[in-house]
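Listed here are the chains, written in short residue letters.
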Amino acid sequence: MADHSYDAPFEHLLRKLAPQVLGVVARRFPDFSSAEDAVQEATIAAFTQWPQEGVPDNPRGWLIQVACRRMTDHVRSEIARRERETAVAAKAENLPPTVEIEADMDPDDTLILLFMCCHPALTPSSAIALTLRAVGGLTTAEISNAFLVPEATMAQRISRAKQTIKASGVPFRLPAPHERAERLPAVLHVLYLIFGEGYASSIGSHLQRLDLAQESIRLTRNTKTLLPDNAEVAGLLALMLLTDARRAARTGPDEELIPLDKQDRSLWDRVEISEGIALLTAALAKGSVGLYQLQAAIAAVHDEAERVEDTDWPQILALYELLKRVAPSPMVTLNHAIAAALVHGSAKGLELLRALDCDPRIAGHYRLDAVRAHLFERMGDHEAAIKHYRIAAARTTSIPEQNYLMTQAARLAHD
């Protein structure tokens, strides 16, 4: 055993390794649902043992071995109960050493897992939810936040998706080219949501989760290698890079949130910005303009402004108006209202926000109250701003965002 302190980041390490381990186990045992259960059991065992015994020298191999043993037990139980799965049982009975299992690992396992979870037998929402759970390692609560639905609803959706994958008998391999095209929209949406959770965590004490953001960028790069001529894949990668470029400036020394208009832009990663703009330029040259290219274009306008007052808000507003036509959603409407307020005044932004009060997907979401508070503050109505800052703080499950919102309310109350 290696000598690691109790304060080692077990959670981050396990989140990073779990999809890799699931890829190995799912490829060796053709039962996705049971494979995921086995990996979860191995993860729980690691949480229990590693703090006392130390992290193994080969933590991934340790997890694979424990998960495969769980699968062996599962297969034996099935044989005893139904006298079936003979071939799988034989494989389980002759489980090779950990080193051999790891040698069988394919570097594309996580990418294969990504496409497998986005199987056409699933509804788009179920495929995305399952992939966020299996590949992204997100909790059910985090996924329900991303979908703006109750946690219980999301738990049922994920459970049904796993059963559908099991019943389909889909082989563990990259799909054929025509199948990739069919599954690609769901794959890109999953990668987008994983990156979003990594860039702005919806739950907990940390504003950002670097492991998720980096993994989503890595998988998107791999997807672009697989589909080099797809403009939307390039657009998504550009969006991630142009957004991730601001990461170092988003938090202060105590991990406090720093909003875009207060960030030290000298901390922005110019290498990522240059790569993102190059990708976006090449994607737009292909002629078709989609969801991710438009969002990347908006991010590029922000990143190209050396000072906040140099931001071309009329251009951003025009891009959001186009985005509303291409891919309407409550969050797009929310961001469009912000851009409209900065071009036409806060009263216009508040007027546009009223349409969201009747949309059940966002009516109780903290972001709606946070934006409303900001616009009331810009208008000089501090009483209304304080009210909505406090409502937003009570509704968010992110501690850094909650602290920021309460700080804004306290500042206005003091003034």
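Structure's up top.
Let us look at the structure shown here. Here the structure is a predicted model, which is why all the values come from computation and not from measurement. (Residues numbered from 1 in each chain as written. Predicted model: local features only at pLDDT ≥ 70, side-chain atom pairs only at ≥ 80, totals over all residues. Heavy atoms only, no water.)

Turning to the overall build of the chain, a few remarks are in order. Helices and strands together make up the secondary structure of the chain, namely 20 helices and two strands. Across the 415 residues of the chain, 52% fall into the buried class. Taking the intrachain contacts of the chain between residues at least 6 apart in sequence as the baseline, contacts between residues at least 24 apart amount to 65%. Counting every atom, the chain has about 19200 Å² of accessible surface; 53% of that belongs to carbon and sulfur. (Helix = DSSP H or I, 4+ residues; strand = E, 2+ residues; numbered from the N terminus. Buried < 20%, exposed > 50% of the residue type's maximum accessible area, 1.4 Å probe, protein only. Contact = heavy atoms within 4.5 Å. Areas by Shrake-Rupley, 256 points an atom, 1.4 Å probe, with all protein chains shown as cover.)

This brings us to helix H13 (residues 270-284). In this model H13 runs 21 Å from its N-terminal to its C-terminal C-alpha over 15 residues, within 8% of the 21 Å that 1.5 Å per residue would give. Taking the backbone nitrogen of Val271 as reference, a side-chain oxygen 3.0 Å away marks Asp269 as the first, capping residue of H13. (Expected span 1.5 Å × (residues − 1). Polar contact = N/O pair within 3.5 Å; in protein donor to acceptor, adjacent residues only side chain to side chain.)

Take the packing of aromatic side chains next. What describes a pair of aromatic rings is the distance from one ring centre to the other and the angle between the planes of the rings. The full count for this structure, using the stated rule, is three aromatic pairs. Taken together, a centroid distance of 5.6 Å and an interplanar angle of 55 degrees make the contact between Tyr192 and Tyr292 tilted. In this pair, Tyr192 sits in helix H10 (residues 177-199) while Tyr292 sits in helix H14 (residues 291-304), placing the two residues 100 residues apart along the sequence. Tyr192 gets classed as partly exposed once you look at its relative accessible area, which sits at 28%. By relative accessible area, which is 5% here, Tyr292 ends up buried. A cation over a ring is seen here: Arg246 above Trp268, with NZ or CZ 5.9 Å from the ring centre. A cation over an aromatic ring shows up here: Arg250 above the ring of Tyr199, its NZ or CZ 3.8 Å from the ring centre. (Phe/Tyr/Trp six-rings, centres within 6.5 Å; stacked < 30°, edge-to-face > 60°. Lys NZ or Arg CZ within 6 Å of the ring centre and 35° of its normal.)

This brings us to the pattern of salt bridges. Under the counting rule described, the total for this entry stands at 18 salt bridges. Ionic pairing is found between Lys162 and Glu36, a salt bridge with its closest N-O pair at 3.0 Å. Pair noted here: Lys162 is in helix H9 (residues 151-168) and Glu36 is in helix H2 (residues 32-53), with a separation of 126 residues, a long-range link. Of the two residues, Lys162 and Glu36, neither departs from the other in class, the shared state being buried. The closest approach of N and O atoms between Asp357 and Arg372, which form a salt bridge, is 3.1 Å. (Salt bridge = Lys/Arg side-chain N within 4 Å of Asp/Glu carboxyl O.)

What follows is about the environment of Phe115. By the secondary structure assignment, Phe115 is in helix H6 (residues 109-117). Phe115 sits 60 residues away from Pro175 along the chain, and the two C-alpha atoms are 7.2 Å apart. Other than its neighbours up to four places away in sequence, Phe115 contacts Leu174, Pro175, Arg180, Arg183, Val187 and Leu226.

In terms of nonpolar packing, the biggest core is built from 92 residues, with Val25, Phe32, Leu63, Leu130, Leu132 and Ile143 touching the most fellow members. For this core, the leading source of residues is H10, giving 10 residues. Excluding its chain neighbours within four sequence positions, the residues that come into contact with Leu132 are Gly137, Leu138, Ile143, Phe147, Val190, Leu193 and Ile194. Counting residues in hydrophobic clusters, the runner-up holds 23 residues, among them Leu334, Ala337, Ala373 and Tyr389. (Core = buried A, V, L, I, M, F, W, Y, C linked by side-chain atoms within 4.5 Å.)

Turning next to the layout of surface pockets. Counted as a void, the second largest pocket has a volume near 410 Å³. Lining the second largest pocket we find 17 residues, and of these Ala18, Gln40, Thr43, Arg133 and Gly137 sit closest to its centre. Of all the secondary-structure elements, those providing two or more residues to the lining of the second largest pocket are helix H1 (10-28), H2 and helix H7 (124-134). Split into classes, the residues belonging to the lining of the second largest pocket amount to eight nonpolar, five polar and four charged. (1 Å grid on protein atoms, 1.4 Å probe; cavity = no way out; pocket = protein on both sides within 12 Å on 5 of 7 lines; lining within 4 Å. Points joined across faces, edges and corners; volume = space filled by probe spheres on them. Nonpolar A, V, L, I, M, F, W, Y, C, P; charged D, E, K, R; others polar.)

Let us look at the side chain of Glu142. Looking at the secondary structure, you find Glu142 in helix H8 (residues 140-147). Using a relative accessible area of 4% as the deciding quantity, one classes Glu142 as buried. Only 2.9 Å separates the side chain of Glu142 from the backbone nitrogen of Thr139, close enough to count as a polar contact. Not counting the four nearest positions on each side in its chain, Glu142 is found in contact with Arg15, Glu197, Ser202, Ile203 and Arg209.

Note that Pro177 resides in helix H10. In sequence terms Pro177 and Leu227 are 50 residues apart; their C-alpha atoms lie 9.2 Å from each other.

Its 23 residues give H10 an end-to-end C-alpha distance of 31 Å, which sits within 8% of 33 Å, the value for a rise of 1.5 Å per residue. At Arg183, H10 shows its maximal kink, close to 50 degrees; a proline, Pro185, follows between one and four residues later. (Bend = angle between axes of the 7 residues up to and from the residue.)

Right, let's get into the packing of helix H16 (residues 330-344) against helix H17 (residues 346-353). Between H16 and H17, whose axes approach to 6 Å, the crossing angle comes to 160 degrees. When the axes of H16 and H17 are compared, the pair comes out roughly antiparallel. By crossing handedness, the relation of H16 to H17 is classed as right-handed. The segment H16 lies against H17, with Leu334, His336, Ala337, Ala340, Ala341 and His344 engaging Ser346, Lys348, Gly349, Leu352 and Leu353. (Axes fitted to C-alpha atoms, helices over the stretch in contact; angles between N-to-C directions. Parallel < 35°, antiparallel > 145°, perpendicular 65-115°, else oblique. Left-handed = near helix turned anticlockwise from the far one by under 90°.)

The next subject is the environment of Lys224. Inspection of the secondary structure puts Lys224 in helix H11 (residues 210-226). Lys224 sits 12 residues away from Leu236 along the chain, and the two C-alpha atoms are 9.6 Å apart. Those residues in contact with Lys224 that sit more than four places away from it in its chain are Val233, Ala234, Leu237 and Leu279.

A grouping of Leu284, Val289, Leu322 and Val326 is seen on the molecular surface, where their side chains present a nonpolar patch of about 280 Å² in accessible area. Looking at the secondary structure, you find Val326 in helix H15 (residues 313-326). In this structure Val326 comes out as partly exposed when scored by relative accessible area, which is 40%. (Patch = residues over 30% accessible without salt bridge, like charges linked within 9 Å, V, L, I, M, F, W, Y side chains within 5 Å.)

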